[in-house]
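Listed below are the residues making up each chain.
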Amino acid sequence: MRAPQLERRRFRIRGWMIALVVVLIVLLLSVRGLAGFWTDFLWFQSLGQAGTWTQLLGAKVLPAVVFMVVFFVIMLASLVIADRLTPHLRTGPVTAEDEMVTRYRTATARFTGRIRVAIALFFAFIAGLGVSAQWKEWILFTHRVDFGVKDPQFHRDIGFYVFQLPFIRFIADWLFAGLVIVLLVTAVAYYLNGGIRFQSPIQRVSPQVKAHLSVILAVMALVKTAQYWFGRFELDYSTRGAVDGAGYTAVKAELPALNLLVFISVVAALLFLWNIRRRGWVLPIIAVGLWGFVSIVVGAIYPALIQQFQVNPNEFAKERPYIKRNIEATRQAFGLSQVKPTNYDFSQELTADQVAANKSTIDNARLWDPGVLAATYAQIQQFQSYYKVDGVDVDRYTVDGQTVQTAVSLREIDSNALPTQSWINQRILYTHGYGVIASPTNQQTDGQPNFYLSNIPIVQQGLSVDTRGTQIYFGEQESNYIVTGARQPEFNYPRQGVSDSLTRYRGPDGVQFSNFWRKAAFALRFNDINLLVSGQIEAKSKIMLYRSIRSRVEKLAPFLGFDSNPYPVVENGHTLWVIDAYTSTSKYPYAQSIEGASGLAGSFNYARNAVKATVDAYSGRVHFYVVDAKDPIIRSWRSAFPKLFSSFDAMPDALKDHLRYPEDLFRVQTEVYARYHVTEPRRFFQGSERWLISPDPTEALSGVGITTSGTSARTNQRAPEIKATSKRADPYYLYIRLPGDDRESFLMLQSFVPVSQDNQQLRLVSFFTAKADRRNYGELQSFVMPQGQLVDGPVQAALKINQDPNISATFTLLDQKGSQVVKGNMQLIPVGDSIVYVQPVYIEGDGASSFPVYQYVAVFAQGRDPVLANTVNEALAKLFPGVSGATPGTAVPPSTSTPSTPSTPNNSSGQSPAGSGTVESILAQAAQKFNDAGAALRAGDLGRYQTLVQEAQALVAQAQQLLSAGASAAPTTSTTAARATSTAAR
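Values in this document were obtained by computation on a predicted structure and should not be read as measured data.

Participant: Provide a residue-level description of the packing of aromatic side chains, including the pertinent values.
Facilitator: Under the criterion given, the structure shown has 57 aromatic pairs. Ring plane angle 45° and centroid distance 6.0 Å describe the contact between Phe147 and Phe163, whose orientation is recorded as tilted. Residue Phe147 is found in the loop between helix H6 (135-142) and helix H7 (158-193), and its partner Phe163 is found in helix H7; the two are separated by 16 residues along the sequence. Relative accessible area serves as the criterion here: at 15%, Phe147 is assigned to the buried category. Accessibility expressed as a relative area gives 1% for Phe163, which makes it buried. Relative to Trp517, the ring of Phe516 lies with its centre 5.4 Å away and its plane at 75°, an arrangement referred to as edge-to-face. You can call Trp517 exposed: its relative accessible area is 60%. Every member of this aromatic cluster is reached through a ring pair, and the members are Phe67, Phe71, Trp138, Phe141, Phe167, Phe170 and Trp174. A cation over a ring is seen here: Lys656 above Phe648, with NZ or CZ 4.6 Å from the ring centre.

This is how it looks when you write it as structure tokens:
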């Protein structure tokens, strides 16, 4: 008898095995993403913000999970019901459709439950995947606060529109789309199990199937009811009328239409339910057809007819109350309701006594514009190719007991310009920039700034900064990660003739490489194997990432907008970056939407500078100080992330003295105020009193020339053609005293001109200011010029400076081969009841390493000839003889046309730089001096550089004197700056 053969057990693939393989594949494909996920947590943890990371993650994951579960339950329940209502298999003759149903039911009988779950999971994942993108709306929805203001149409608090309505509408839209998917999948399920048979000669849809689908359709109709109901409130965002908000057509036509559609959708839902007891689909089809017809006629055609035949022929009469609503809401939404309009009793009879009384204001006029000064700093203070001086910002500091408007910049490391691009150099050796550069904006010596902080190692005169304050680990340019605490010390700064200064980072920032897994995670994140194998990295070493101040604050608070212009502050020896943060929304009822830029990007109709964020340039520590605790949106975010924000009282007092009014917000407010300074609806609708920001003088006058002939040039000048440029003047910071104030304030200023076609109207109608000192921070004031009186605007002042024959001749001399004229901001300085315009003038050589050198300042007061001088004081002495404290100079009465020749600069070398020959040859000698000066600067010989600049300036003055005396010269056609220099307020 043969021994029984053991039957070999067959291997069977289990479901859990398939799931495991899928999970492993997903992990392998997303391992780098997981590394980034974990290392981000470690970074948040290193800053003490692990709770913020958890809350941000929860805000993205929780709503997605909730919606996935809801959809999964709805879909699974519908499929289970469809399976329970499956009809019995037919007996007797069967069709091809019946055979297919039989085969399907036989094949899937054992896996029916699993199939239902898999289908429900698949569609739930798809439906919930996009919900995480609504995490901001979810947080605001769950942390709603009141504005304390109600909208004028529905009388609901503004908080309902900003915090609740957007997410409620998202829920309704999501639910309707989800029910459409459930309806289609359920119908397919019924078709596959025989509940729906298209080829059946008797009953194509069984009663049970009809009842089930009718219920789904009824629920969809009720969801549509909710969409219509909440859509009523969205009329407050309507753009159909003369202004944003619910206008005549929206209130009188669209709102009744939506109310009617609410009623019809409820009736349709009832008809779907009633249809369960009736045969056929006649009633639901009639209901849906009527519904669609009414929605087209009443919801679209009827409002269009009302707009065309009732509103457009008599628009103002119909829209007047709604325009008033828009004006009030817009001014409130953009913080303009508190603007103080002030009538400026302009007079061009400016006296010497008034000038003397406001001398401190005029003295604070800027001789150095940030855009020009950035190029100068880059050449004389950058020193090494691996340093970068990118931008210059304007602030104020107390020096020797006096508040001085000061330009500040940092010398950051440029990793792309290192001596060699080795991994050690980029990540371990050259880790930080070095040094703060600071100089007063109203002082110069021999065409160069007078420095408070400069050079390497740092030289301190007037301001002080400690060792850590000079080491710039975090800045605007720092985009790469670095490793600190490695075996190799870090490069600190170069020293001439001896070994370079080395240092080690002692600050708190960085994630420590405490174990292999952290090294591996960061190596995966940055795709850099050196982090895993380098012998330079020890257990105490730390990796520093998100070193760009913008990326750092945006990572911590991704729900805020940030100003495009961060600025450094030297405070108690430390160097901090300050960046303004914004809250905004596009859901403020009746407020006018605008398109912003940078920190206020996209379309919005409400904005607040609610937060001042600071980043320590050495330690990397970030603080978010709430400076507008009344803002409801920041109250909501603060409720969601309590550990992220600090109160304004927690800000150091020394830092409070350096806060600036934010530039991006000021640009938005001036753009809106240019139209919304008019509060009377009729005048607003007519638009005749609308303002525009003044065109940029340099851009507007580009290419404008005046033909001159000695002192008789005025009789030969032709009418200029101002370019219809779209570029508007940038706002700028000043430290001045405004009319009616008892002392100076640090403020931002912008000028307005009337609205006109092609910039034909260039007269000044108003200038707008925003104060930034602690005692008056945020005070907005509009100084309005008298009606019917011509007050020169910035472009007109620049034009008159260019047209003056003496100044024009000087510009022509400077703008010869080898050098070019560069003009700074045209600054509007209010003095008494009049206005003085001040514009610095620079010259720059043609060489690649040339930079602007201060030359003169042009000063203009209406009713007087403009003058060109070396200093503002000297210009005042020429304009107003007898001004107390002004530098003596040739006083020029307003009615004369005597040339006001700038004085010759002193020659520190003690030798006369007199040139010989024609004006052209003397200017050629001056150009050569400037070129030699640039070479001396590149060689580091500052003494020779200063001497050559002084000699070149003396030669230019000599050529101008010869020209005035009648010497031969090239044709004297005045010109504007050879190139426009960006002087945006910084």
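Participant: Kindly report on helix H22 (residues 663-676), identifying the contributing residues and their values.
Facilitator: Between the first and last C-alpha of H22 there are 19 Å, a value that for 14 residues agrees with the 20 Å anticipated at 1.5 Å per step. In terms of burial, H22 is a largely internal element, 11 of the 14 residues being buried. Listing the buried residues of H22 in full gives Glu663, Asp664, Leu665, Phe666, Val668, Gln669, Thr670, Val672, Tyr673, Ala674 and Tyr676.

Participant: A description of the sheet that holds strand E13 (residues 482-484) should follow, citing residues and the corresponding values.
Facilitator: Read across the sheet, three strands follow the order E13-E17-E16 without closing on themselves; strand pairing throughout is antiparallel. What marks the edges here is a single partner per strand, and that holds for E13 and strand E16 (511-512). Where E13 and strand E17 (residues 542-544) come together, three bridges link them in antiparallel fashion. Looking at the pairing, Ile482 lines up with Met544 of E17.

Participant: Hey, could you go over the nonpolar core for me, with residue numbers and the actual values?
Facilitator: For soluble globular proteins, the rule of thumb is that nonpolar side chains tend to be buried together. Core analysis: the largest hydrophobic core is formed by 190 residues, its most contacted members being Leu531, Phe559, Leu560, Phe624, Trp637 and Phe645. Take this core: its biggest share by element is 16 residues, from H7. Once you skip the residues sitting within four places of it in the chain, Trp637 turns out to touch Lys136, Ile139, Leu140, Phe559, Leu560, Thr583 and Phe645. Ranked by size, the runner-up nonpolar core spans 79 residues in total, among them Val821, Phe851, Val853 and Val867.

Participant: Can you tell me about the confidence of the model for the protein chain, naming the residues and giving the values?
Facilitator: Summing up the model confidence of the protein chain, the mean pLDDT is 84 and the portion of residues at 70 or higher is 83%. Looking across the protein chain, the model is least confident in helix H4 (residues 96-108), with a mean pLDDT of 64, and most confident in strand E24 (residues 622-626), with 98. Overall, residues 885-913 carries pLDDT values under 50, and its contacts beyond four positions in sequence, including any with other chains, amount to 62 contacts. Within the model, the stretch residues 967-984 combines pLDDT values under 50 with 60 contacts to residues more than four positions away or in other chains.

Participant: Let's hear about the pairing of strand E23 (residues 606-616): which residues, and what values?
Facilitator: With 11 of its 11 residues buried, E23 lies for the most part within the structure. Looking at chain direction, E23 and E24 are connected through five bridges and run antiparallel. For Lys612, the partnering residue across the bridge sits in E24 and is Tyr625. Turn length for the E23-E24 hairpin, with the two strands adjacent in sequence and antiparallel, is five residues, and the turn residue Gly620 shows positive phi of about 80°.

Rules of the game
- Within each chain, residue numbers correspond to sequence positions counted from 1 in written order.
- Where totals are concerned, whole chains, interfaces and linings use all residues; where local detail is concerned, this predicted model gives features only for residues with pLDDT of at least 70, and gives and counts side-chain atom pairs only at 80 or more.
- As a rule here, side-chain values cover all heavy atoms of the structure and leave hydrogens and water aside.
- Working definition: rings of Phe, Tyr and Trp (its six-membered ring) pair if their centres are within 6.5 Å, and the pair is stacked with planes under 30 degrees apart, edge-to-face with planes over 60 apart, and tilted otherwise.
- A run of DSSP states H or I qualifies as a helix once it reaches four residues; a run of E qualifies as a strand once it reaches two. Both are numbered from the N-terminal end.
- For every residue, the accessible area (1.4 Å probe, protein chains only) is compared with the maximum for its type, and the residue is labelled buried under 20%, exposed over 50%, or partly exposed between those bounds.
- A ring is scored as having a charge over it whenever the NZ atom of a lysine or the CZ atom of an arginine sits within 6 Å of its centre and within 35 degrees of its normal.
- In this analysis, the expected span of each helix is defined as 1.5 Å times one less than the number of residues it contains.
- For two strands to count as paired, DSSP must find a minimum of two bridges between them.
- Residues enter a nonpolar core if they are buried and are Ala, Val, Leu, Ile, Met, Phe, Trp, Tyr or Cys, with the set joined through side-chain atoms within 4.5 Å.
- Only heavy atoms enter the contact rule, under which two residues are in contact if any of them lie within 4.5 Å.
- Per-residue confidence from the predictor is reported as pLDDT, which spans 0 to 100.

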